[in-house]
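Residues per chain are reported as follows:
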Amino acid sequence: MKYRDLVASRLFALVLALGFFVTQVAIGPPQAAAADAPEKIAAPAQASDNNDKSLEAGQQAAVSLEQAIKIARGAFQVPADFDKFTNGFEQSEQGSFWELHWNRSAKTGGYFDVRVNAQTGEIWSMSQWNPSLDGSGYQGLPAYSREQAQGIAAALAERLQPSRFKETRLQPGRDYFPPLLSQVRSQVEYSYRFARVVNGFPYLENSINVTVNGDTGEVTGFNLNWDDAASFPDPSGSISKPAAEQIFRTQASPQLYYFRPRIPGGSEVPVKLVYCLPDQRSQLLIDALTGKILDNGSYYGLYDAAGGAGMMKMPSTAREEYQLNPVEVSAVEGAKNLLTQDAALAKAKAAVNVPGEYALRSSRIEQDYLFTDKKTWHFSWEAGTEPDRKWLDISVDAAGGELVSFNLNESNIWDRLGTTEPQFSEADARNAAESFIQEVQSEKWGQVVLRDAQPVMGPLVSKKQLPGAYTFIWSRVARDGIQFPDNGFTVDVNAVTGQITGFRMNWYDVDFPDPQGVMDADAAAGVFLREAPLTEAYLGLWPEERWKGSTVKAEIYLTYHLNNQNFTMLDAFSGQPLNSEGEAVEAPSEGSGFTDLAGSPAREAVEMLADAGIISAAGGLFRPNDAVTQAELIAMLVKAGTYSEGGVRPLSTGNNEAWYQPYYEQAVQLGILQKGEQPDPDAPVTRIFMARLSIHAIGLYRVARLSDIYVLDFQDAAEIPEHLRGHAAISVAMGLLEPREGYFRPQDHVSRGEAAITLVKLLKSWK
C-alpha cells in the first residue's frame with residue numbers, strides 16, 4: 001500500500017509524557033532562582049472583564065494591597081533606588097495572591113518581586129535581580145561557604161514559613177560556580193530545597209526553596225510550593241528496601257545498549273557498550289505499597305531528522321593560478337560521488353508523493369554534524385495561503401538517494417477535517433507505520449525493534465483532549481541482539497485520517513564492539529544500587545489517561561526511586577558511572593569529605609576548594625603531604641578557571657585518551673599552558689613550575705615575561721631560569737609563595753597541601 005497522499009498535519013508536542021513527569025517528579029538538584037521566580041505582573045490597565053473581576057476580588061481580599069506591601073517591606077529590604085512600583089492580583093487553584101513588583105528605572109535595571117497570599121498574609125515567593133550600578137562584578141572565592149549560606153537560607157525559611165519549615169528536610173543539592181580565576185565574574189549562587197516530609201518520607205513536589213548570593217550573603221530568591229489539600233497513602237505495610245532492591249534486580253535490571261557520544265568524528269568516535277535502565281529510562285519508580293513498577297513516562301531522545309550542522313557549499317571552478325590544497329581536493333573528489341540537485345529531487349519525489357499544488361521553495365545540501373563525510377539533500381515545498389498554508393519537507397541521502405526524512409505540516413488541519421475524534425486505533429496506526437517502513441527501507445526493517453509508542457495530544461474540545469496522532473520509535477538492533485537506540489526510525493501517524501505525516505531515519509556506518517567480557521546484568525544492578533541507592537519518597541504521578549480530560553490530576557504514591565543525580569549509565573566493562581554524554585562522573589560530595597586533614601595547615605584551604613568544586617573528596621583521602629603532580633595541578637587550575645560544580649566531574653572526550661589530556665587542552669585555551677606543551681603528568685610540581693602556572697592562570701604572563709626588569713634578592717636567584725625570573729618575583733610579591741630563609745628553592749617539590757594553600761591565595765589575589 002502506498003502512503004503518498006499526504007494531507008494531514010504534525011502539530012504535536014512529542015515530549016508530552018516526558019514533560020509531565022519531569023514537572024511532577026522533580027528528582028534532582030534544586031532549580032535556579034530564575035526558574036522559581038514568579039512572572040512579572042504589570043500594573044492592571046483598563047483591561048478586560050477578567051481583570052475587572054480580579055481587581056474586585058483584590059478589593060474584597062482579607063489582606064489589602066496596603067497590608068501586602070507592608071508585609072513585603074517588613075520581610076525584605078527593597079533597594080531604595082528601585083523607584084518604580086506596579087502590582088497585580090492573581091487567583092488560581094493555590095489561592096489568591098498580591099503580586100508586587102519594584103524595579104529600577106536607571107539603565108542598569110533590576111527588579112524585586114514579592115508574592116503575598118491575600119487570605120493569610122504569608123509570603124509565597126520573592127525573587128530579585130540587583131545588578132551593580134557601576135557594572136562591576138565579583139572576584140575570587142565567594143565570601144560565604146555553602147554551609148554558611150545554608151544557615152542564612154534556613155533562617156529565612158523558618159521566619160517566613162515557621163510551621164511549614166518544621167515539616168521539611170534539606171535535600172542534597174549541587175551548585176554551579178562561574179570561573180573563579182576571572183578578574184571579574186558573576187555571582188556565586190547557592191540553592192537550597194527544604195522538601196516537605198510526610199509520615200517520615202519526603203514529598204519532593206512540596207518544598208521551600210531559597211537561593212543565597214555566596215558573595216554577599218543576601219537572599220536572592222524564595223519560593224513556597226505547597227498543597228495543603230494533598231492526600232498521602234498510609235505507609236504502613238510498605239515493602240522493605242531489600243525487597244525493593246530485589247524487585248529492581250529481577251524486574252527492572254539494567255540492560256546492555258550500544259552508545260555513541262554525540263560529538264563530531266564520524267566512525268572514528270568509538271561506540272561504547274553501556275548499561276542503562278530498561279527502555280533507557282532516566283528513572284525507575286517502584287510502588288512501595290504494592291511492589292509494582294510504576295509507568296512514569298517514556299525517556300527517549302528525539303531524533304535529529306537532518307543531522308546537519310552547516311551547509312556544505314559545492315566547490316566552484318578554481319582559478320587557473322590557484323592550486324587546491326589537500327583538504328579542498330578531498331572535498332571536490334567527494335562531491336563527484338554525490339547526486340546532482342535534479343537527481344536528488346527525483347529521488348525525493350519517488351519516495352514521497354508531492355501533490356501538484358505544492359511549489360518547491362528551497363533546496364540545499366548539508367554536511368552531517370557527526371559524520372562529516374555524509375551529506376543530505378533537503379527540499380521544501382509550500383502550498384496555499386494563510387490560514388490554510390501547508391508545508392512539506394523531504395530529505396534524501398546525497399550519495400545514494402535513500403529517504404532520510406519527511407514532514408508534512410498543515411496550519412489549519414483541524415478546521416479542515418471538521419473533527420478531532422480519532423478514527424484509527426494505536427494498533428491501526430502502527431500497522432500503517434510498519435507498512436511504510438517496509439516499503440521505503442525493506443532491508444533495514446529486519447534490523448529494528450519497536451522501542452516506544454506514544455499518543456500525541458490533539459486540540460482540546462469540550463474539555464476533552466484525545467490523541468490527534470501516534471508516534472512510533474524503532475531502535476536498531478546491532479551485534480548480538482543489543483540495541484543501538486541512536487539509530488532507527490520514527491514515524492508519525494494521524495489518528496483521524498490514518499495518514500503518515502512524518503518519518504525520520506538515523507543510521508550510522510560504525511563498528512560495534514564485541515560484548516565479550518562485559519559485566520552481567522546483576523552486577524550492573526549492584527553498581528546502580530550502590531551509586532544511586534533506592535530512596536523512599538512520596539511522588540505525584542500523572543495517570544496514563546491524563547490526555548483524556550483536562551481535569552485529571554496527579555496521584556500521590558509512596559515510591560522507591562533511584563537517587564541518581566549525577567549519572568545515567570554505566571560502562572559495561574568497568575562499571576564506571578557515566579553521564580548522558582558518556583563521560584565519567586564522580587559522586588557529589590558534601591563538604592570536603594576528607595578524613596586525613598586533622599592538624600594539617602592546609603585543612604581550611606582544602607575545604608574551601610572542595611566547597612567550590614575544584615577538588616573532589618572521592619576516596620576520602622586528600623594526602624596533603626604527598627607531592628602534587630603536574631597533571632593534578634593543571635586540573636585544579638582548569639577547574640578554578642572554568643565553570644564547575646559541586647561533586648567534580650572529570651573531563652572526558654569519550655575515547656581512550658588519558659584522563660588529564662582534556663585538562664591540558666583547556667589549559668592551553670585558558671593560557672595556563674602554551675600551545676603544544678605537554679607536561680609530564682606524573683612528575684612532581686616544583687616551586688618554579690607552580691609560580692609559572694599560577695601567574696599564567698591570572699593573565700600576568702605578558703608582565704612576567706619581561707624578565708630583565710626584575711631584581712631578585714633570593715640567595716639562589718642564579719638557579720632561577722632567566723625567562724622565569726618575573727614569575728618568581730611576582731608570585732612572592734603577591735604572597736602566593738613564601739621565600740624559605742632567604743631562598744626561593746625553585747626545584748623544591750610542592751605538596752598537595754601547599755598547592756591547595758597557594759591556589760586559595762591565588763583566588764583571593766584579586767580582592
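Residues numbered from 1 in each chain as written. Predicted model: local features only at pLDDT ≥ 70, side-chain atom pairs only at ≥ 80, totals over all residues. Heavy atoms only, no water.

Peer 1: I would appreciate a short explanation of the environment of F194 in the present structure.
Peer 2: Topologically, F194 is positioned in strand β7 (residues 189–198). A relative accessible area of 4% places F194 in the buried class. In the structure, F194 is positioned 30 residues away from L224 in sequence and 9.7 Å away in space, judged by C-alpha atoms. When residues no more than four places from it in sequence are discounted, the contact partners of F194 are A153, A154, A157, F165, T168, R169, L170, N206, S207, I208 and V210. (Helix = DSSP H or I, 4+ residues; strand = E, 2+ residues; numbered from the N terminus. Buried < 20%, exposed > 50% of the residue type's maximum accessible area, 1.4 Å probe, protein only. Contact = heavy atoms within 4.5 Å.)

Peer 1: Hey, could you run me through the confidence of the model for the protein chain in this one?
Peer 2: When pLDDT drops low, the exact placement of atoms in the prediction is not to be read closely. On average, the protein chain scores 82 in pLDDT, and the residues at 70 or more come to 80%. Below pLDDT 50 for its whole length, residues 1–51 participates in 126 contacts with residues either more than four positions away or in separate chains. Between residues 297–324, whose pLDDT stays under 50, and residues either more than four places distant or in other chains, the model counts 63 contacts. (pLDDT = per-residue confidence, 0-100.)

Peer 1: Sorry, what's going on with the environment of L273 here?
Peer 2: Tracing the chain through its elements places L273 in strand β11 (residues 272–276). In this structure, the C-alpha to C-alpha distance between L273 and L256, residues 17 residues apart in sequence, is 6.8 Å. Residue contacts for L273: discarding those within four places in its chain leaves L256, Y257, Y258, I482, P513, D514, P515, V518, L570, D571, A572 and F573.

Peer 1: What am I meant to see in helix α13 (residues 521–531) here?
Peer 2: An α-helical segment advances 3.6 residues per turn. Residues three or four places apart therefore align on the same side. Among the residues making up α13, those that are buried are A524, A525, G526, V527, F528 and L529. Check the buried side of α13 and you find it contacts α7 (241–251), β11, β22 (534–541), β23 (555–562) and β24 (569–571).

Peer 1: How should the nonpolar core be read in this particular structure?
Peer 2: Taken as a class, soluble globular proteins show a tendency for nonpolar side chains to be buried jointly. Among the nonpolar cores identified, the biggest contains 98 residues, and V210 and I614 are the most heavily contacted of them. At 8 residues, helix α15 (residues 630–641) tops the list of elements feeding residues into this core. Look past the residues within four positions of V210 in its chain and what remains in contact with it is A153, L156, A157, Y190, S191, Y192, F194, V219, G221 and F222. (Core = buried A, V, L, I, M, F, W, Y, C linked by side-chain atoms within 4.5 Å.)

Peer 1: Explain the environment of D682 here, please?
Peer 2: Relative to the elements of secondary structure, D682 occurs in the loop between α16 (661–670) and α17 (687–697). Separated by 53 residues in sequence, D682 and T629 place their C-alpha atoms 5.3 Å apart.

Peer 1: I keep staring at the packing of aromatic side chains and nothing clicks. Help me out?
Peer 2: Aromatic ring pairs are reported here in terms of the distance separating the ring centres and the angle at which the planes meet. Evaluated as defined, the whole model comprises 31 aromatic pairs. Geometrically, the ring pair formed by F89 and W98 is edge-to-face, given 4.8 Å between the ring centres and 70 degrees between the ring planes. The class of F89 is buried, set by a relative accessible area of 10%. Ring geometry for F201 and Y538: centres 6.1 Å apart, planes at 80 degrees, overall edge-to-face. One end of the pair, F201, is in strand β8 (residues 201–213); the other, Y538, is in strand β22, with 337 residues separating them in the sequence. Grouping residues by exposure puts F201 and Y538 together as buried. Members of the aromatic cluster, each reached through a chain of ring pairs, are Y258, F371, F484, Y508 and F512. If you follow R115 out to its NZ or CZ, it ends over the ring of F97, 3.9 Å from the centre. (Phe/Tyr/Trp six-rings, centres within 6.5 Å; stacked < 30°, edge-to-face > 60°. Lys NZ or Arg CZ within 6 Å of the ring centre and 35° of its normal.)

Peer 1: Teacher, can you tell me more about the pattern of salt bridges here?
Peer 2: Proximity of charged atoms lets side chains of opposite charge pair with each other. All told, the structure shown has 24 salt bridges when counted by the stated rule. Between R164 and D228 there is a salt bridge; the shortest N-O distance is 2.8 Å. Note that R164 is positioned in helix α6 (residues 162–165) and D228 in the loop between β9 (219–225) and α7, a separation of 64 residues in sequence. The exposure class assigned to R164 is buried, which follows from its relative accessible area of 8%. (Salt bridge = Lys/Arg side-chain N within 4 Å of Asp/Glu carboxyl O.)

Peer 1: For this particular structure, what's the right way to read the packing of helix α14 (residues 603–611) against helix α20 (residues 752–764)?
Peer 2: α20 packs onto α14 with a crossing angle of 65 degrees between their chain directions and a minimal axis gap of 8 Å. Seen from above, α14 lies across α20 with left-handed handedness. Side by side, α14 and α20 meet where A605, V606, M608 and L609 of the first sit next to A756, I757, L759, V760, L763 and K764 of the second. Of the residues assigned to the contact of α14 with α20, the class counts are 9 nonpolar, no polar and 1 charged. (Axes fitted to C-alpha atoms, helices over the stretch in contact; angles between N-to-C directions. Left-handed = near helix turned anticlockwise from the far one by under 90°. Nonpolar A, V, L, I, M, F, W, Y, C, P; charged D, E, K, R; others polar.)

Peer 1: How should I be thinking about the pairing of strand β3 (residues 111–117) in this particular structure?
Peer 2: When a strand is regular, its side chains alternate between the sheet's two faces. Taking burial as the measure, the 7 residues of β3 include 7 buried ones, the bulk of the element. In β3, alternate side chains face the same way, and those of Y111, D113, R115 and N117 on one face and F112, V114 and V116 on the other are all buried. Two elements, strand β2 (residues 95–103) and β3, share 7 bridges in a ladder whose sense is antiparallel. Along β3, the bridge assignment pairs L100 with V114. In this antiparallel pair of consecutive strands, β3 and strand β4 (residues 123–129), the connection spans 5 residues, and G121 shows a positive phi of 80 degrees. (Pairing = 2+ DSSP bridges.)

Peer 1: Would you mind going over the packing of α15 against α17 with me for this structure?
Peer 2: Any two packed helices are characterised by how steeply their axes cross, that is the angle between the axes, and by the distance between the axes. Across the interface, α15 lies against α17 with an axial gap of 11 Å and an inter-helix angle of 20 degrees. What the angle tells us is that α15 and α17 run roughly parallel. By crossing handedness, the relation of α15 to α17 is classed as right-handed. Contacts from Q630, L633, I634 and L637 in α15 reach F689, M690, L693 and A697 in α17. Of the residues in the contact of α15 with α17, the class split is 7 nonpolar, 1 polar and no charged. (Parallel < 35°, antiparallel > 145°, perpendicular 65-115°, else oblique.)

Peer 1: Explain α14 here, please?
Peer 2: Among the residues of α14, A605, V606, L609, A610 and D611 are the ones counted as buried. Close packing links the buried residues of α14 with α5 (146–160), β6 (176–177), β7 and α20. Directly beyond the C-terminal end of α14, a positive phi value near 80 degrees is found at G613.

Peer 1: Looking at this model, I keep getting lost on the side chain of N209. Mind explaining?
Peer 2: As for its placement among the helices and strands, N209 is situated in strand β8. The buried category is assigned to N209, whose relative accessible area is 8%.

Peer 1: Would you mind showing me how to read the pairing of strand β21 (residues 500–506) here?
Peer 2: Among the 7 residues that make up β21, 7 are buried, leaving the element largely enclosed by the rest of the structure. Alignment of strand β17 (residues 403–410) against β21, held across 3 bridges, turns out to be antiparallel. Paired with S405 across the bridge in β21 is R504. For strand β20 (residues 483–494) and β21, the ladder comprises 6 bridges, and the chain directions are antiparallel. Residue pairing in the sheet places V491 in a bridge with F503 of β21. Here β20 folds back onto β21 in antiparallel fashion, the turn holding 5 residues, of which G498 has a positive phi close to 75 degrees.

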